[in-house]
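Below, each chain spelled out in residue letters.
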Amino acid sequence: MRKRSSRTRAALAVVAAAVLGLAGCDAGGGGAPAAERPRARAAKPAPVWDRSPDSIAAVGDSITRGFDACTVLSDCPEVSWATGGDAKVDSLAVRLLGVTGAAERSWNYAVTGARMADLPGQMAQAAARGPALVTVMVGANDACRASASAITPVAGFRADFEEALGTLRSVLPKAQVYVASVPNLKRLWSEGRVNPLGKQVWQLGICPSMLADADDLTRAATLRRDRVQRRVVEYNRVLKEVCAKDRRCRFDGNAVYDYDFGTDQLSHWDWFHPSKDGQARLASIAYRTITAARPAG
């Protein structure tokens, strides 16, 4: 075997030194091997549901417009459970964004008298604002028709709700959606019928399928109200099922439907729509659902 020349030995020494340097060693042996160094922690993925969204758009019907909460047969959006600025209501927007944030970054596209068929159009308006959260409360007017036979079919209700969510998703795939259940209309009839003034206002055409002939307790009237009530239950099932298919949608778990609205929570103009106190209760339910660690069951 030939002896290595001094030039060869020198070259090998240079290569060895370079390798040791790349491996993180020094001549004194004080450097730790790369394998023993702490590794950088992988960044945690952002949660699917943001419990503190920074902007809100509301869609729906007269409840979200604060109808009859301030004056008779009039909208009063300043007391809306979703976007209002009234201190007594402490709306969802105020709770999430603060007073200034609610004034600057919340929008109300609800329309008194709206039904589910109107929701896709409202949702398009809301999406144009680019909100982080959209609140939905609609369905009461689908059940509140001129007669029980005229109420919106369940299949049509479902198709329109799916279209509304699709409209939002085509523009804002990551926006969050809070869906409130349809209130228990029969309970509202039961509470409101004790007030003569409320019953007079009902005769103007407020939810006739449920409220017409409020004191009629005959079998036919009872069956009519029960039919409307069953449809409300079916609507809420649709809201839950469709929302469950969207990972950024939360249904309230029937919290609004189950809430026992008493006379203090009803408008003293019509004894049907929420009063300011009722609007505050709706805001509380929404805030609790949106900020919960897990969706409602």
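These remarks concern the structure in this document. As the structure is a computational prediction, the values presented were derived from the model and not from experiment.

### Let's talk about the pattern of salt bridges
For step 1, the next point in the chain: A complete count under the given rule lists eleven salt bridges for this structure.
For step 2, the next point in the chain: Ionic pairing is found between Lys 186 and Asp 226, a salt bridge with its closest N-O pair at 2.3 Å. Here Lys 186, found in helix α6 (residues 185-192), pairs with Asp 226, found in helix α9 (residues 219-244); they are 40 residues apart in sequence, far enough to count as distant.
For step 3, the next point in the chain: A salt bridge links Arg 187 to Asp 260, with the shortest nitrogen-to-oxygen separation between them at 3.8 Å. With Arg 187 in helix α6 and Asp 260 in the loop between α10 (255-258) and α11 (276-291), this residue pair connects regions lying 73 residues apart in the sequence.
For step 4, the next point in the chain: The exposure class of Arg 187 is partly exposed, given its relative accessible area of 25%.
For step 5, the next point in the chain: Put simply, Arg 193, Lys 199 and Asp 215 are held in one network by salt bridges that share partners.

### Some remarks on the state of the cysteines
For step 1, the next point in the chain: Within this structure, the stated rule accounts for three disulfides.
For step 2, the next point in the chain: A sulfur-sulfur distance of 2.0 Å marks the disulfide that ties Cys 144 to Cys 207. Disulfide Cys 144-Cys 207: the torsion about the S-S bond is -75°, which places it as left-handed. Placement of Cys 144 in the loop between α4 (140-143) and α5 (154-171) and of Cys 207 in the loop between α7 (196-202) and α8 (208-211) is noted, with a sequence separation of 63 residues between them.
For step 3, the next point in the chain: Among the residues examined, Cys 144 registers a relative accessible area of 10% and is labelled buried.
For step 4, the next point in the chain: Residue Cys 207 is classed as buried on the basis of its relative accessible area of 5%.
For step 5, the next point in the chain: Of note for the chain: the bonded cysteines, numbered N- to C-terminal, pair according to 1-2, 3-4, 5-6.

### Some remarks on the side chain of Asp 142
For step 1, the next point in the chain: You can see Asp 142 is positioned in helix α4.
For step 2, the next point in the chain: One buried charged residue, Asp 142, forms no salt bridge at all, with the nearest opposite charge on Arg 115 at 4.4 Å.

### Concerning α5
For step 1, the next point in the chain: Between the first and last C-alpha of α5 there are 27 Å, a value that for 18 residues agrees with the 26 Å anticipated at 1.5 Å per step.
For step 2, the next point in the chain: The set of residues buried in α5 consists of Phe 157, Asp 160, Phe 161, Ala 164, Leu 165, Leu 168 and Arg 169.
For step 3, the next point in the chain: The inward-facing, buried residues of α5 abut α3 (119-128), β3 (133-137), α4, β4 (176-179) and α9.

### Notes on the pairing of β4
For step 1, the next point in the chain: Alternating residues of β4 divide into Gln 176 and Tyr 178 and Val 177 and Val 179, and every residue in both groups is buried.
For step 2, the next point in the chain: Strand direction decides the pairing type here: β4 and strand β5 (residues 249-251), joined by three bridges, are parallel. Looking at β5, one finds that Val 179 is bridged to Phe 251.

### Thoughts on the nonpolar core
For step 1, the next point in the chain: Core analysis: the largest hydrophobic core is formed by 72 residues, its most contacted members being Trp 81, Val 136, Tyr 178, Val 179, Leu 185 and Phe 272.
For step 2, the next point in the chain: The biggest single contributor to this core is α9, with seven residues.
For step 3, the next point in the chain: Look past the residues within four positions of Val 179 in its chain and what remains in contact with it is Val 136, Phe 161, Leu 239, Cys 243, Cys 249, Arg 250, Phe 251 and Asp 252.

### A few points about the packing of helix α2 (residues 92-105) against α11
For step 1, the next point in the chain: Their axes nearest at 7 Å, the elements α2 and α11 cross at an angle of 65°. Residues Leu 92, Arg 95 and Leu 96 of α2 touch α11, and the partners they reach there are Ala 280, Ala 283, Ser 284, Ala 286, Tyr 287, Ile 290 and Thr 291.
For step 2, the next point in the chain: Of the residues belonging to the contact of α2 with α11, the class tally is seven nonpolar, two polar and one charged.

### Some points on the packing of aromatic side chains
For step 1, the next point in the chain: Counted under the stated rule, the structure contains three aromatic pairs.
For step 2, the next point in the chain: For the pair Trp 81 and Tyr 178, a centre-to-centre distance of 6.1 Å together with 70° between the ring planes defines the contact as edge-to-face. Here Trp 81, found in the loop between β1 (56-60) and α2, pairs with Tyr 178, found in strand β4; they are 97 residues apart in sequence, far enough to count as distant. Both residues of the pair, Trp 81 and Tyr 178, count as buried.
For step 3, the next point in the chain: Between Tyr 259 and Phe 261, the aromatic rings sit 4.8 Å apart at their centres with planes inclined by 75°, giving edge-to-face as the arrangement.

The rules we used
- Residues numbered from 1 in each chain as written.
- Predicted model: local features only at pLDDT ≥ 70, side-chain atom pairs only at ≥ 80, totals over all residues.
- Heavy atoms only, no water.
- Salt bridge = Lys/Arg side-chain N within 4 Å of Asp/Glu carboxyl O.
- Helix = DSSP H or I, 4+ residues; strand = E, 2+ residues; numbered from the N terminus.
- Buried < 20%, exposed > 50% of the residue type's maximum accessible area, 1.4 Å probe, protein only.
- Disulfide = S-S within 2.5 Å.
- Lys, Arg positive; Asp, Glu negative; His and termini not counted.
- Expected span 1.5 Å × (residues − 1).
- Contact = heavy atoms within 4.5 Å.
- Pairing = 2+ DSSP bridges.
- Core = buried A, V, L, I, M, F, W, Y, C linked by side-chain atoms within 4.5 Å.
- Axes fitted to C-alpha atoms, helices over the stretch in contact; angles between N-to-C directions.
- Nonpolar A, V, L, I, M, F, W, Y, C, P; charged D, E, K, R; others polar.
- Phe/Tyr/Trp six-rings, centres within 6.5 Å; stacked < 30°, edge-to-face > 60°.

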